[in-house]
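# Architecture at a glance
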Amino acid sequence: MMVLVEEERSIEEGLLELSNQSDASGCRITACVILSTFVAICGSFSFGVAIGYTSGAEIGIMKDMGLSIAEFSAFASLSTLGATFGALFSGKMAILLGRRGVIILQMWVSDILCVIGWLCIAFAKNVLWLHFGRISSGIGIGLISYVVPVYIAEITPKHVRGTFTFSNQLLQNSGVAMVFFWGNFISWRKMALLGALPCVIQGIGLFFVPESPRWLAKVGADEELEYSLLRLRGRDADISREASEIQVMTKMLERDSKSRFSDLFQRKYRHIIVVGVGLMLIQQFSGSTAVISYTSTIFSKAGFSVTIGSTLLGIFMVPKATIGLILVDKWGRRPLLLTSACGMSITCMFIGLAFTLQKMQLLPKLTPVLTFLCVTLYIASYAVGIGGLPWIIMSEIFPMNIKVTAGTLVTLASWSSSSIVTYAFNFLFEWSTQGILFISLEHFYIFGAIGGAALIFIWLLVPETKGLSLEEIQTSLTRQAQRNKSYVD
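Residues numbered from 1 in each chain as written. Predicted model: local features only at pLDDT ≥ 70, side-chain atom pairs only at ≥ 80, totals over all residues. Heavy atoms only, no water.

The name an unreviewed UniProt entry assigns to the chain is Major facilitator superfamily (MFS) profile domain-containing protein, from the organism Brassica campestris. Of the chain, the UniProt comment under Subcellular location (unreviewed entry) reads exactly: "Membrane". (UniProt positions renumbered as here; feature names shortened; annotations may be inferred.)

Next up, the structure:
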């Protein structure tokens, strides 16, 4: 035992010595990094279309296909339900194939499933076609939802890691924006076809995606690791420090090389598992999926023009996400998360107040305007923080030896909770006059309260990872776990 402790201490000292050296290779952003990131996040555009599709297509689908409220709510939630099943297979494929294998095979499978799903929706003859298409595309989304941010985090330089990983959220918002804007001008069938287009671009680009250097270190492929780093950092870059840092951390973790589900409950992983799962539950139970998926319904019930509201949201959706892209590596993760949670909490409370006033027949002209402003600010708050940062932090804090199992756990938490919220929200929102009161007094206020609780959770538990390499993050979290253990003992 003493030998292992001394060995771990020497490894940590080696990491500290390496982190104090100048990082000549980490300042360059190469074309390979940009291309690899773009290819990885291409499917996120289709993901965004899937999220916003129910808002832009609700009126048309229910009219053309004769769907009831319950049937359309089921149609909307089947995407997240399918993603839950897709996430189950994502982790196992990651273990067997490595990051590049996962990116290529899982994205190809994802592309096929998404294309099939969107085509089924576009040419649907009945409800079964719609449901099958929604499930198929959902499974495709679930296969890559965790792998993509992890892969981007592992290939990008530390000083821009947050920005590049946040681009995943930017592409999602672009997909949502397209649905909100063009949903007023084209049919729901044509919108479904547009959702399938990014998959073709992604399928071609996957031939040029490099391997993750950190995964190569884990499997002992040192020569391939250096080759991958040279591709990512530039042929003339000095990659010796980064390669050494990756190898040293991998050596420290190789004693725990197994990635069993039971390993997640060890005391040393307790903090990061709580952070990962907690952020995902906050993301969903603060109402994000429900508000984005049923924006048109909210506007309609508030008496605000659906066409004007969704068009304006479509115009401002991408600039909102760009704010987070710019600030994530300047402000840091914690400040953006706190700002985002605060904004979502306050705006949800005001949306609930607007519907309460409507029910009480007070200030009737205020409800539509207040609802539109608060929905816009809510989505803006979500886009700059809670929307993308949980996936970024999750890709940073989990060590390589449990990254697959931990990622599967938190992804399942995200999709399963999203499925519940998506189905229940619209069904209750449309459910009679009493349903509107129930939503205003309960759901939006509950969403707001969860946003308030998120502030405490983030302040107390979520670590700041800005400007640190993945190896430096692991060293910091390991030392914190050791201090906590000593305090408890």
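## Side note on the overall build of the chain
Across its full length, the chain holds 20 helices and zero strands. Looking at the chain as a whole, 59% of its 489 residues are labelled buried. Roughly 19500 Å² of accessible area belongs to the chain as shown, and the carbon and sulfur atoms make up 69% of that amount. (Helix = DSSP H or I, 4+ residues; strand = E, 2+ residues; numbered from the N terminus. Buried < 20%, exposed > 50% of the residue type's maximum accessible area, 1.4 Å probe, protein only. Areas by Shrake-Rupley, 256 points an atom, 1.4 Å probe, with all protein chains shown as cover.)

## Thoughts on helix α9 (residues 222–233)
Look at α9: 16 Å from first C-alpha to last across 12 residues, which is about the 16 Å you get at 1.5 Å a residue. Burial in α9 covers these residues: Leu-225, Ser-228, Leu-229, Leu-232 and Arg-233. Buried residues along α9 cover an arc of 115 degrees about the axis, so they all sit on one side. Trailing α9 by a residue or two, Gly-234 shows a phi angle of about 110 degrees, which is positive. (Expected span 1.5 Å × (residues − 1). Arc of directions from axis to C-beta.)

## A few points about the pattern of salt bridges
Per the counting criterion, the structure on display carries two salt bridges. Between Glu-396 and Arg-333 there is a salt bridge, with the nearest N and O atoms lying 2.6 Å from each other. Residue Glu-396 is found in helix α17 (residues 389–397), and its partner Arg-333 is found in helix α15 (residues 333–359); the two are separated by 63 residues along the sequence. There is no split in this pair, since Glu-396 and Arg-333 are both buried. Within the structure, one salt-bridge network assembled from shared partners comprises Arg-161, Arg-333 and Glu-396. (Salt bridge = Lys/Arg side-chain N within 4 Å of Asp/Glu carboxyl O.)

## Details of the environment of Phe-181
On the secondary structure map, Phe-181 appears in helix α6 (residues 161–182). For the pair Phe-181 and Thr-311, spaced 130 residues apart in the sequence, the C-alpha separation amounts to 4.5 Å.

## Section: the environment of Cys-374
Structurally, Cys-374 is set in helix α16 (residues 366–384). Overall, Cys-374 belongs to the buried group, its relative accessible area being 6%. The contact partners of Cys-374, leaving out residues within four places of it in the chain, are Thr-347, Phe-350 and Ile-351. (Contact = heavy atoms within 4.5 Å.)

## With respect to the nonpolar core
Within the largest apolar cluster, 119 residues are counted, with the highest numbers of intra-cluster contacts made by Tyr-53, Ile-61 and Ile-458. In terms of residue count, helix α2 (residues 31–65) provides more of this core than any other element does, 15 residues in total. When residues are assigned to domains, this core turns out to be shared by domain 1 (31–209) and domain 2 (260–488), each giving three or more. Tyr-53 has contacts with Glu-58, Ile-61, Phe-75, Trp-118, Ile-121, Arg-134, Val-179, Trp-188, Arg-189, Met-191 and Ala-192, leaving out every residue within four places of it along the chain. Counting residues in each nonpolar core, the second largest holds nine residues, with Ala-217, Leu-225, Leu-229 and Ile-246 among its members. (Core = buried A, V, L, I, M, F, W, Y, C linked by side-chain atoms within 4.5 Å. Domains from an automatic or database assignment.)

## Some thoughts on the side chain of Thr-30
In this structure, Thr-30 sits in the loop between α1 (2–20) and α2. Given the relative accessible area of 9%, Thr-30 is considered buried. Looking at Thr-30, its side chain comes within polar contact range of the main-chain oxygen of Leu-232, at 2.5 Å. Dropping the residues within four chain positions of it, Thr-30 is found in contact with Arg-231, Leu-232, Arg-233 and Gly-234. (Polar contact = N/O pair within 3.5 Å; in protein donor to acceptor, adjacent residues only side chain to side chain.)

## Examining the packing of α2 against helix α5 (residues 147–155)
Look at α2 against α5: their axes get within 10 Å of each other, and the N-to-C directions meet at 175 degrees. The angle between α2 and α5 falls in the class roughly antiparallel. Residues Val-33, Ser-36, Thr-37, Ala-40 and Ile-41 of α2 form the contact with α5, whose own contacting residues are Val-148, Tyr-151, Ile-152 and Ile-155. (Axes fitted to C-alpha atoms, helices over the stretch in contact; angles between N-to-C directions. Parallel < 35°, antiparallel > 145°, perpendicular 65-115°, else oblique.)

## Points about α16
The terminal C-alpha atoms of α16 lie 27 Å apart, and with 19 residues this matches the ideal 27 Å at 1.5 Å per residue to within 8%. Most of α16 is tucked away: 15 of the 19 residues are buried.

## Overview of a nonpolar patch on the surface
A contiguous nonpolar patch, built from Leu-35, Phe-38, Trp-108, Val-200, Ile-201, Ile-204, Phe-207 and Phe-208 and spanning about 810 Å² of accessible area, is present on the exposed surface. Contributions of two or more residues to the nonpolar patch are made by α2 and α7 (188–205). Here the element with the most residues in the nonpolar patch is α7; it accounts for three residues. Its location among the elements puts Leu-35 in helix α2. Taking the relative accessible area as the measure of exposure, Leu-35 reaches 38% and is therefore partly exposed. (Patch = residues over 30% accessible without salt bridge, like charges linked within 9 Å, V, L, I, M, F, W, Y side chains within 5 Å.)

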